[in-house]
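# Close look at the chain arrangement
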Amino acid sequence: MRSVEQQLAMVTDSVITPSPVRIAIAEALGLMCAEEVQATRALPGFPQAAIDGYAVRAVDVGGARALKGRVVDGDQPQPVAVNEKSLPVVGEVAAGSQRPLRLQPKQAVRVHTGAPLPTLADAVLPLEWSDRGTKRVIAHRPVKSGEFVRRVGDDIQPGDVAVTPGSILGAAHIGLLAAVGRNKVLVYPRPRVSILSIGAELVDIDRDPGLGQVYDVNSYALAAAAREAGAEVHRVGVAAGEPRRLREIIEGQLMRSEMLVISGAVGGAASKRARDLLKELGEVDISRVAMHPGSVQGFGLLGDARIPTFLLPSNPVSALVSFEIFVRPSIRAALGKNSTRRRHVRSRALGPIASKEGRRGYVRARLMRDADTQDYLVEGLSGATGAPAHLLAGMSEANALIRIPEPVGEVRPGDVVDVLFLGQGS
């Protein structure tokens, strides 16, 4: 029996990273950058006001004080000298203005945040530090040269590296690319993942199941899980028909995908026919993995391009747990993520949890936090106390998986366990 780590190493070593493509920066969030992006111009490209106020020469307001002889610094009023000298306000500049102004000595210009500074101005007097005059303005505090001014190149100088290769593009990266004038960027795209289900008992949800038939749950659930992991997903649905037709469907998906996920291709006599067909297309390995649920796992490299193909159990819970442990890390690796596994925390069990000795248990659970101590608490859901582990309702209520080591057969209330958090983006 293979360990979880051995199975995971085998599948992630076969991950195909798609070739880089150039896309609009609006579509690049969460993708790995495949190029070095250098700034070709300074940012900002002109001196601009960092705050609403008055553009001034610092020397002209350097000795100004409050008219009433007091200025409040925090909660402590401080006596200061009186100085009634004021500056004429000779104009106003809004953000985006393209009309140049030239400031003369002992003058002020009303400016808005982001507005270009008039020539000769070297500081901005904030509105709060003045009497807010419209014809003349009186400064209640002095300002220093360069204060409340964004100088040319304060953010970026020409030739500076804005984004490095290998960066996972977040919101700040997208904003920076826009700031340096890039509307497209070279990235590693989302891996294309095709999802299909095999089983004579399966019907799509737009049909009423007859006797012995059930709805195809897995292709919908696994497609949603793959999208949440960051993949570009094509849900094939139920792949039915005679072997020749099934082979055509699979060969078609191998041509359009970097990964293929097939549920219902392991376990039982019906799945053997599918496995025999898959072996005609490449290497297929079916093995037992020391885990539950989902101990029977299949993996292959199919087609001329040796596309990683995951063969998952037909039971929806087993299929979703298998996806979490093996397929999701592979998708994250193809995206170039440094961390391919879910965030895990140590949590205290609220009740007893049953597990199978000799296999690593993955038990659906509800993760909580104590409002007083901030300690993590976890409650096992279906399958936790020996109840049926295959029930899908328990999976839908879960926001975590309790990971129980192979030697442990039972977790007692109060025991500390590892918990994988299933929240989006974790």
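Residues numbered from 1 in each chain as written. Predicted model: local features only at pLDDT ≥ 70, side-chain atom pairs only at ≥ 80, totals over all residues. Heavy atoms only, no water.

Labelled according to an unreviewed UniProt entry, the protein chain appears under the name Molybdopterin molybdenumtransferase, originating from Corynebacterium hindlerae. Taken directly from UniProt, the Catalytic activity (unreviewed entry) text for the protein chain runs: "adenylyl-molybdopterin + molybdate = Mo-molybdopterin + AMP + H(+)". (UniProt positions renumbered as here; feature names shortened; annotations may be inferred.)

Moving on: the packing of helix α4 (residues 218–229) against helix α7 (residues 316–334). Running from N to C, α4 and α7 cross one another at 30°; their axes reach a closest spacing of 10 Å. Here α4 lies roughly parallel to α7, going by the angle between them. Crossing handedness for the pair α4 and α7: right-handed. Of α7, the residues touching α4 (which contributes N218, A221, L222, A225, A226, E228 and A229) are P316, A319, L320, F323, R328, I331 and R332. When grouped by side-chain class, the residues that make up the contact of α4 with α7 number 10 nonpolar, 1 polar and 3 charged. (Axes fitted to C-alpha atoms, helices over the stretch in contact; angles between N-to-C directions. Helix = DSSP H or I, 4+ residues; strand = E, 2+ residues; numbered from the N terminus. Parallel < 35°, antiparallel > 145°, perpendicular 65-115°, else oblique. Left-handed = near helix turned anticlockwise from the far one by under 90°. Contact = heavy atoms within 4.5 Å. Nonpolar A, V, L, I, M, F, W, Y, C, P; charged D, E, K, R; others polar.)

Below, the discussion takes up the packing of aromatic side chains. A ring pair, where both rings are aromatic, is described by two values, the distance of the centres and the angle of the planes. With the rule as written, the count across this model stands at 2 aromatic pairs. With centroids separated by 5.4 Å and ring planes inclined at 85°, the aromatic side chains of W129 and F148 adopt a geometry described as edge-to-face. Of this pair, W129 sits in the loop between β10 (123–126) and β11 (136–137) while F148 sits in the loop between β11 and β12 (149–150), placing them 19 residues apart in sequence. Across the ring face of Y376, the terminal group of R369 is positioned such that the distance to the ring centre comes to 4.2 Å. (Phe/Tyr/Trp six-rings, centres within 6.5 Å; stacked < 30°, edge-to-face > 60°. Lys NZ or Arg CZ within 6 Å of the ring centre and 35° of its normal.)

Here we take up the confidence of the model for the protein chain. Residues with a pLDDT of 70 or more make up 90% of the protein chain, whose mean pLDDT is 87. The spread of mean pLDDT over the elements of the protein chain runs between strand β7 (residues 76–79), the lowest at 43, and strand β1 (residues 21–24), the highest at 96. (pLDDT = per-residue confidence, 0-100.)

The peptide bond linking L43 to P44 adopts the cis configuration, its omega dihedral lying at -5°. Assignment of secondary structure puts P44 in the loop between β3 (37–38) and β4 (48–49). Here H292 and P293 are connected by a cis peptide whose omega angle stands at -5°. Despite not being glycine, L120 has its phi angle at roughly 80°, a positive value. Positionally, L120 belongs in the loop between β9 (108–111) and β10. Classification of L120 by relative accessible area gives partly exposed; the value is 41%. If you check the backbone angles, R132 has positive phi at about 60° while not being a glycine. (Buried < 20%, exposed > 50% of the residue type's maximum accessible area, 1.4 Å probe, protein only.)

Here we take up the packing of helix α1 (residues 4–12) against α7. It is the contact of α1 with α7, at a shortest axis distance of 10 Å, that shows an interaxial angle of 30°. As far as their axial angle goes, α7 and α1 are roughly parallel. When the axes of α1 and α7 are compared, the crossing they make is right-handed. Facing V4, Q7, L8, V11 and T12 of α1, the residues of α7 in contact are I325, F326, P329 and S330. Residues that form the contact of α1 with α7 fall into these classes: 6 nonpolar, 3 polar and no charged.

This part is about the sheet that holds strand β20 (residues 282–288). The strand order across the open sheet formed by 6 strands is β18-β15-β19-β23-β22-β20, and the pairing between neighbours is mixed. At either margin of the open sheet sits one strand with a lone partner, and together these are β18 (232–238) and β20. Each strand of the sheet is rotated relative to its neighbour by a mean of 15°, with strand direction disregarded. Along the sheet face, α1 touches β20, β22 (296–302) and β23 (307–312) and points at about 20° away from the line of β22. Sitting on the sheet, α7 touches β15 (192–197), β19 (259–263), β22 and β23, and the angle it makes with β23 is about 165°. (Pairing = 2+ DSSP bridges.)

Quick look at the side chain of S219 now. Structurally, S219 can be placed in helix α4. Taking relative accessible area as the criterion, S219 reaches 0% and is therefore assigned buried. Within the structure, the side chain of S219 is placed 2.4 Å from the side chain of D216, a separation counted as a polar contact. Leave out the neighbours within four places in its chain, and S219 touches I195, S197, R235 and G237. (Polar contact = N/O pair within 3.5 Å; in protein donor to acceptor, adjacent residues only side chain to side chain.)

Bringing the environment of S130 into the picture now. In this structure, S130 sits in the loop between β10 and β11. Classification of S130 by relative accessible area gives buried; the value is 7%. Sequence-wise, S130 and R141 are 11 residues apart; in three dimensions their C-alpha atoms are separated by 7.5 Å. Setting aside its immediate chain neighbours within four residues, S130 contacts Y54, L125, V137, I138, A139 and H140. Side-chain polar atoms of S130 contact the backbone oxygen of L127, separated by 2.9 Å. Of note is the side chain of S130, whose polar atom sits 3.1 Å from the backbone nitrogen of R132.

It is worth spelling out the pairing of β9 at this point. Judged by which residues are buried, β9 turns out to be covered on both faces: A108 and R110 on one side and V109 and V111 on the other are all buried. Pairing between strand β8 (residues 87–93) and β9: 3 bridges, direction parallel. Paired with V89 across the two strands is A108, which belongs to β9.

Moving on, we come to the pattern of salt bridges. One pass over the full model with this rule turns up 21 salt bridges. Notably, a salt bridge pairs R244 with E248, separated by 3.3 Å at the nearest N-O pair. Here E248 and R244 lie together in helix α5 (residues 243–254), a separation of 4 residues that amounts to about one turn. Judged by its relative accessible area of 38%, E248 is partly exposed. Each of E228, E324, R328 and R342 takes part in a single network of salt bridges with overlapping partners. (Salt bridge = Lys/Arg side-chain N within 4 Å of Asp/Glu carboxyl O.)

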